[in-house]
Amino acid sequence: TTLYFYDDFVDDPAASWTDVSGTWSWDGSDYFQNTSTTSGANTWIGSESWTDYVVEVVMRPDSSGGDPGVMTRVQAVSASNDHGSSYYIGLYPGSGSVVLGYMDGSWHAEASASAGISSGNWYTVQHRMVGSSHEVWVDGTLYISHTDTTYGYGSVGFRTYRSPATYDSILV
């Protein structure tokens, strides 16, 4: 297994992450987006040449509205909501669910599952990608197993939709 990237946000992420939209801040140990009015706030890092990988993110939704999450196989990012090209795993505290979908100028929800997601709690979210196979795990439990061929490679990032969120670490 190849380790592509790791960040525990002990060092200021401003030097390595690319903030595209939203208000991203660092407090010395976490990276967070602290507004609930921004649609599609995102930041990203990594290589667009990454293909099969597992991304693991420790994160906390900080509001019951909207959805924060992680972007994978990112090929393009945009300051406009749902634009760019990537998969997205979103945590939806309002419904308690986790959702896998992709963006390409529009939002395409591919699969979802009830996962007991609520605001103010920390979650370890994994997206395992091998070829067209996608698995989404939350806190060690498999919630989504799905096949999709839309994107076969790309980097990683964080995204929030009308929801503040805090990110503690990312491992790719």
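Report follows, based on the coordinates. Because the structure is predicted, anything quoted here is derived from the model rather than measured.

### Here we look at empty space enclosed by the protein
What the rule picks out here adds up to one cavity of 30 Å³ or more. Of the voids in this model, the largest cavity is the one considered here, and its volume is about 70 Å³. Where the lining of the largest cavity is concerned, the elements lending two or more residues are β7 (67-76) and β8 (85-92). Split into classes, the residues belonging to the lining of the largest cavity amount to four nonpolar, nine polar and two charged.

### Observations regarding the pairing of strand β15 (residues 165-171)
Most of β15 sits inside the fold, with five of its seven residues counted as buried. Direction of pairing for strand β1 (residues 6-7) relative to β15: antiparallel, over a ladder of two bridges. Counted as the bridge partner of Tyr-6 is Leu-171 from β15. Where strand β4 (residues 31-33) and β15 come together, three bridges link them in antiparallel fashion. Directly across from Phe-32, in β15, lies its bridge partner Thr-166. In this structure, strand β6 (residues 53-61) lies alongside β15, joined through six bridges in antiparallel fashion.

### Focus: the pattern of salt bridges
Within this structure, the stated rule accounts for four salt bridges. Note that Arg-159 is salt-bridged to Asp-67, the shortest N-O span being 4.0 Å. Of the two residues, Arg-159 is situated in strand β14 (residues 155-161) and Asp-67 in strand β7; the sequence distance between them amounts to 92 residues. Just as Arg-159 is buried, Asp-67 falls in that class too.

Definitions and cut-offs
Every chain is numbered on its own, with residues counted from 1 as its sequence reads. For a predicted model such as this one, the threshold for reporting local features is a pLDDT of at least 70, and the threshold for listing and counting side-chain atom pairs is 80 or more; totals across whole chains, interfaces and linings nevertheless cover every residue. With hydrogens and water excluded, all non-hydrogen atoms of the structure serve as input to the side-chain values. Using protein atoms alone on a 1 Å grid, points that fit a 1.4 Å probe yet trap it form a cavity, whereas open point sets bounded by protein on both sides within 12 Å along at least five of seven lines form a pocket; residues with an atom within 4 Å of a point count as lining. Grid points are joined across faces, edges and corners, and a volume is the space filled by probe spheres set on the points. Put simply, DSSP H or I for four residues or longer makes a helix, DSSP E for two residues or longer makes a strand, and each gets a number counted from the N terminus. In the scheme used here, Gly and all other residues not listed as nonpolar or charged are polar, with Ala, Val, Leu, Ile, Met, Phe, Trp, Tyr, Cys and Pro taken as nonpolar and Asp, Glu, Lys and Arg as charged. Under the scheme applied here, a residue whose accessible area is under 20% of the maximum for its type counts as buried, over 50% as exposed, and between as partly exposed, the area being computed with a 1.4 Å probe on protein chains only. When DSSP finds two or more bridges between a pair of strands, those strands are recorded as paired. Any Lys or Arg side-chain nitrogen located within 4 Å of an Asp or Glu carboxyl oxygen qualifies as a salt bridge.

Take it as geometry only, folks, not as evidence of what the structure does.
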